[in-house]
Amino acid sequence: MGENGLRVAFIGLGNMGGPMAVNLVKAGHDVVGVDLSEDAREAFRAAGGRVSTSAAEAVRDVQAVVTMLPAGKHVRSVYTGENGILAHAPKGTLFIDSSTIDVDSSRDVAKAAAEAGMDMVDAPVSGGIVGAANGTLTFMVGGPDSAFERAKPFLEIMGASIVHAGDAGAGQAAKICNNMLLGISMIGTCEAFVLAEKLGLDPQKLYDISSKSSGQCWSLTSYCPIPGPVPTSPANNDYKPGFAAPMMLKDLLLAKEAADSSGANTPMGEEAARLYEEFSRNGGENADFSGIIHLLRKTR
Ligand code: NAD
């Protein structure tokens, strides 16, 4: 442990949480990692972390807790209730939830944290597994100023861009809007490549042109859905996630839920949700979200 190292628990060592937790270790913090999966725990141990199978045990003597879990129900169950971490961490502990979850769950858990005398922020991320590994994630943060200031030094280790979006839940709202845009832009990028293939246009030529034209977007130049142009994109690794298609579907459904309850008109977001639903049921269950190009090649 480094001179300025703090005791931190990291719960959820998956595709994103694993490398994020490793970056906290590298920065000198004393991190205990928790995950239901033995493989995830072993990978973290091999990278220099301590591990535990019990979240309640792991948070007993920490100063900060980071959670990176799949959905709202996991966050609610890990935080609240008799075995929840809010009941077992020392008063005044800082909680950072970086999972992407619905705004209501996020606000409910933040309220429970405040009632338990804790500081908490929601801090969902964008940037994918490459950003997680390189410590270049974007964090969208919701919560009081004081909690944001405490969270910032941790977020700066795991990310390159930290934005305080507003009160509790504002980070999740920003994330849902961003990912609706990403889902739509990935489908648009795939459609352009599918059309290019049909027209006999070399996909590399389309990439060379669009990456420097008005069609340029992150889905094209950072996460290209065909193998070749961007060597780090999952398309070069048989469309292994990455960011799994069911996770994208989850975010699009969160956006739809939020649009319905707020009265926003999001027809492209709804169509993107429909296509990701179809892909997640037909071959995309374990694929990266850019693999939706396979579905678009098939359907007409
Ligand atoms: P993942 O499924 O790889 O990891 C989640 C981990 O949480 C798993 O290892 C699982 O075993 C663990 N877990 C579940 N319930 C648990 C519990 N009760 N106690 C301890 N561990 C538990 O998912 P991921 O890709 O790392 O994504 C995590 C979150 O980050 C999601 O909300 C996702 O939407 C969001 N996100 C993912 C990406 C990406 O590119 N993968 C990008 C941005 C945001």
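Reading the values: rules and limits
- Residues numbered from 1 in each chain as written.
- Predicted model: local features only at pLDDT ≥ 70, side-chain atom pairs only at ≥ 80, totals over all residues.
- Heavy atoms only, no water.
- Patch = residues over 30% accessible without salt bridge, like charges linked within 9 Å, V, L, I, M, F, W, Y side chains within 5 Å.
- Areas by Shrake-Rupley, 256 points an atom, 1.4 Å probe, with all protein chains shown as cover.
- Salt bridge = Lys/Arg side-chain N within 4 Å of Asp/Glu carboxyl O.
- Helix = DSSP H or I, 4+ residues; strand = E, 2+ residues; numbered from the N terminus.
- Buried < 20%, exposed > 50% of the residue type's maximum accessible area, 1.4 Å probe, protein only.
- Phe/Tyr/Trp six-rings, centres within 6.5 Å; stacked < 30°, edge-to-face > 60°.
- Pairing = 2+ DSSP bridges.
- Expected span 1.5 Å × (residues − 1).
- Contact = heavy atoms within 4.5 Å.
- Core = buried A, V, L, I, M, F, W, Y, C linked by side-chain atoms within 4.5 Å.
- Near = heavy atom within 4 Å.
- Polar contact = N/O pair within 3.5 Å; in protein donor to acceptor, adjacent residues only side chain to side chain.
- Nonpolar A, V, L, I, M, F, W, Y, C, P; charged D, E, K, R; others polar.
- Disulfide = S-S within 2.5 Å.

Trainee: It is not clear to me how a nonpolar patch on the surface should be interpreted in this structure. Could you clarify?
Mentor: Nonpolar side chains collect at one region of the surface, where Leu 195, Leu 199 and Leu 201 lie side by side and expose about 310 Å² of accessible area between them. On the secondary structure map, Leu 201 appears in the loop between helix H9 (170-198) and helix H10 (203-210).

Trainee: Mind showing me how you'd approach unusual backbone geometry here?
Mentor: Glycine aside, a negative phi is what most residues show, and trans is what most peptide bonds show. With an omega dihedral of 5°, the bond running from Pro 241 to Gly 242 counts as a cis peptide bond. Its location among the elements puts Gly 242 in the loop between helix H11 (218-221) and helix H12 (245-262). Despite not being glycine, Asp 238 shows a phi value in the positive range, around 55°. Counting through the fold element by element, Asp 238 comes out in the loop between H11 and H12. You can call Asp 238 exposed: its relative accessible area is 62%.

Trainee: Which parts of the structure should I look at to understand the packing of aromatic side chains?
Mentor: Aromatic rings in a pair are described by how distant their centres are and how their planes are angled relative to each other. Under the definition given, this model contains five aromatic pairs. Seen in terms of ring centroids, Tyr 79 and Phe 95 are 5.6 Å apart; in terms of plane orientation they differ by 55°. Their pairing is tilted. Here the residue Tyr 79 occupies a position in helix H4 (residues 72-79), and Phe 95 occupies one in strand S5 (residues 94-97), the gap between them amounting to 16 residues. Measuring from ring centre to ring centre gives 5.3 Å for Tyr 223 and Phe 289, while their planes differ by 40°; the resulting arrangement is tilted. Here Phe 289 lies in the loop between helix H13 (267-281) and helix H14 (292-298) and Tyr 223 lies in the loop between H11 and H12, a separation of 66 residues in the sequence. A residue is classified by how much of its surface remains accessible, and Tyr 223, at 8% relative accessible area, is buried.

Trainee: I would appreciate a short explanation of the pairing of strand S4 (residues 64-67) in the present structure.
Mentor: Side-chain positions along a regular strand alternate between the two faces of the sheet. Because side chains alternate across S4, one face comprises the buried residues Ala 64 and Val 66, and the other comprises Val 65 and Thr 67, equally buried. Two elements, strand S1 (residues 7-11) and S4, share four bridges in a ladder whose sense is parallel. Considered in S4, the bridge of Ile 11 is made with Thr 67. Of the strand pairs in this sheet, S4 and S5 are connected by four bridges, and their pairing is parallel. If you follow Val 66 over to S5, its bridge partner there is Ile 96.

Trainee: Looking at this structure, I do not really get H13. What am I missing?
Mentor: Given 3.6 residues per turn, any residue in an α-helix points the same way as the ones three and four places further on. A rise of 1.5 Å per residue sets the reference length of H13, with its 15 residues, at 21 Å; its end C-alpha atoms lie 22 Å apart and thus fit the reference within 8%. The set of residues buried in H13 consists of Gly 269, Ala 272, Ala 273, Leu 275, Tyr 276, Phe 279 and Ser 280. Tucked inside the fold, the buried residues of H13 contact H9, H12 and H14. Looking one or two places after H13, you find Gly 283, whose phi comes out positive at around 95°.

Trainee: Hey, could you run me through the nonpolar core in this one?
Mentor: Side chains of nonpolar character tend, in soluble globular proteins, to be buried together. Counting residues in hydrophobic clusters, the biggest one holds 38 residues, and the most contacted among them are Phe 193, Tyr 276, Phe 289 and Ile 292. Looking at this core, the elements that each hand over two or more residues are H9, H10, H12, H13 and H14. Dropping the residues within four chain positions of it, Phe 289 is found in contact with Leu 182, Met 186, Tyr 223, Phe 243, Ala 244, Ala 245, Met 248 and Tyr 276. Grouped together as the second largest cluster of nonpolar side chains are 31 residues, Val 8, Val 22, Ala 147 and Ile 162 included.

Trainee: I tried to follow the site of the ligand on my own but got confused; where do I start?
Mentor: Neighbouring the ligand are 22 residues, the closest being Asn 15, Met 16, Asp 35, Leu 69 and Thr 100. One nitrogen or oxygen atom from the main chain of Asn 15 is found 2.8 Å from an oxygen atom belonging to the ligand. Within the backbone of Leu 69, an N or O atom sits 2.9 Å from an oxygen atom of the ligand. For the ligand, whose accessible area on its own is 830 Å², the fraction buried by protein is 87%. Elements represented by at least two residues in the shell around the ligand include exactly H4 and H12. Within the shell around the ligand, the residues separate by chemical class into ten nonpolar, nine polar and three charged.

Trainee: Would you mind showing me how to read the state of the cysteines here?
Mentor: The bond known as a disulfide is covalent and runs between the sulfur atoms of two cysteines. In this structure the tally under the stated criterion is zero disulfides. You can see Cys 177 has no disulfide; the closest cysteine sulfur is in Cys 217, sitting 18 Å from it. Residue class for Cys 177 comes out exposed when judged on its relative accessible area of 52%. Cysteine Cys 190 remains unbridged, with the sulfur of Cys 224 as its closest cysteine sulfur at 8.7 Å. We classify Cys 190 as buried; its relative accessible area is 0%.

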